[in-house]
Amino acid sequence: MTVKMSADAATRVLILSEDAIVLDQARLQLEDRFEVITASAAGGGLRVLEEEGPFALVLADLSPDGPVWDGILERLYSLPSDTALMLLGNGPIGVPSGVSLH
């Protein structure tokens, strides 16, 4: 089932990073035009993704410390097709088995 994004959700951006500087700088760059929510992966990023969505854009800054991303990558890859996903950084690459990109 496809759920159409509401007009309010079309201006919402979620930024996930373990780096407070990345979170602050991205928020400062986007907050004039979008509603920006930031979260760390280790500090509840998956909860924020599940409970506060939908988002027009999810920007995930993948750190080299892959374990904090367990569970989040699979969820990111299963976002609705009208959600833009941008993965940045030096983190894990590849698509989890059983996940198809659209």
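Quick note: structure is the one above.
Residues numbered from 1 in each chain as written. Predicted model: local features only at pLDDT ≥ 70, side-chain atom pairs only at ≥ 80, totals over all residues. Heavy atoms only, no water.

Peer 1: What is the right way to read the nonpolar core from this model?
Peer 2: If you look at soluble globular proteins, the nonpolar side chains tend to sit buried side by side. Counting residues in each nonpolar core, the largest one holds 16 residues, and the members touching the most others are L14, L16, L49, F55, V58 and L76. Looking at this core, the elements that each hand over two or more residues are β1 (12–16), β2 (35–39), α2 (41–52), β3 (57–62) and α3 (72–77). Counting residues per element, this core draws most heavily on α3, at four residues. Of all hydrophobic cores here, the second largest spans six residues; its members include V13, I15, A26 and L59. (Core = buried A, V, L, I, M, F, W, Y, C linked by side-chain atoms within 4.5 Å. Buried < 20%, exposed > 50% of the residue type's maximum accessible area, 1.4 Å probe, protein only. Helix = DSSP H or I, 4+ residues; strand = E, 2+ residues; numbered from the N terminus.)

Peer 1: Looking at this structure, I do not really get the sheet that holds β1. What am I missing?
Peer 2: Across a sheet, paired strands are connected by hydrogen bonds in the backbone, their directions being either parallel or antiparallel. Spatially, β2-β1-β3-β4 is the arrangement adopted by the four strands of the open sheet, whose pairing is parallel. In the strand order of this sheet, the two ends are held by β2 and β4 (84–89), each with one partner. Each strand of the sheet is rotated relative to its neighbour by a mean of 15 degrees, with strand direction disregarded. Pairing analysis gives five bridges linking β1 to β2, with the strands arranged parallel. From the neighbouring strand, L16 faces β2, where its bridge partner is A39. The strands touched by helix α1 (residues 20–30) are β1, β2 and β3; relative to β1, the strand with the most contacts, the crossing angle is about 160 degrees. (Pairing = 2+ DSSP bridges. Axes fitted to C-alpha atoms, helices over the stretch in contact; angles between N-to-C directions. Contact = heavy atoms within 4.5 Å.)

Peer 1: Can you help me understand unusual backbone geometry in this one?
Peer 2: Leaving glycine out, the prevailing phi sign among residues is negative, and the prevailing peptide bond configuration is trans. A cis amide bond, omega 5 degrees, links G53 with the succeeding residue P54. Position of P54 among the secondary structure elements: in the loop between α2 and β3.

Peer 1: Looking at this structure, I do not really get the environment of L49. What am I missing?
Peer 2: Within the secondary structure, L49 is located in helix α2. For L49, a relative accessible area of 3% gives the class buried. Spatially, the C-alpha atom of L49 lies 9.3 Å from that of L16, the residues being 33 residues apart in sequence. If sequence neighbours within four positions are ignored, L49 has contacts with L14, F55, V58, R75, L76 and L79.

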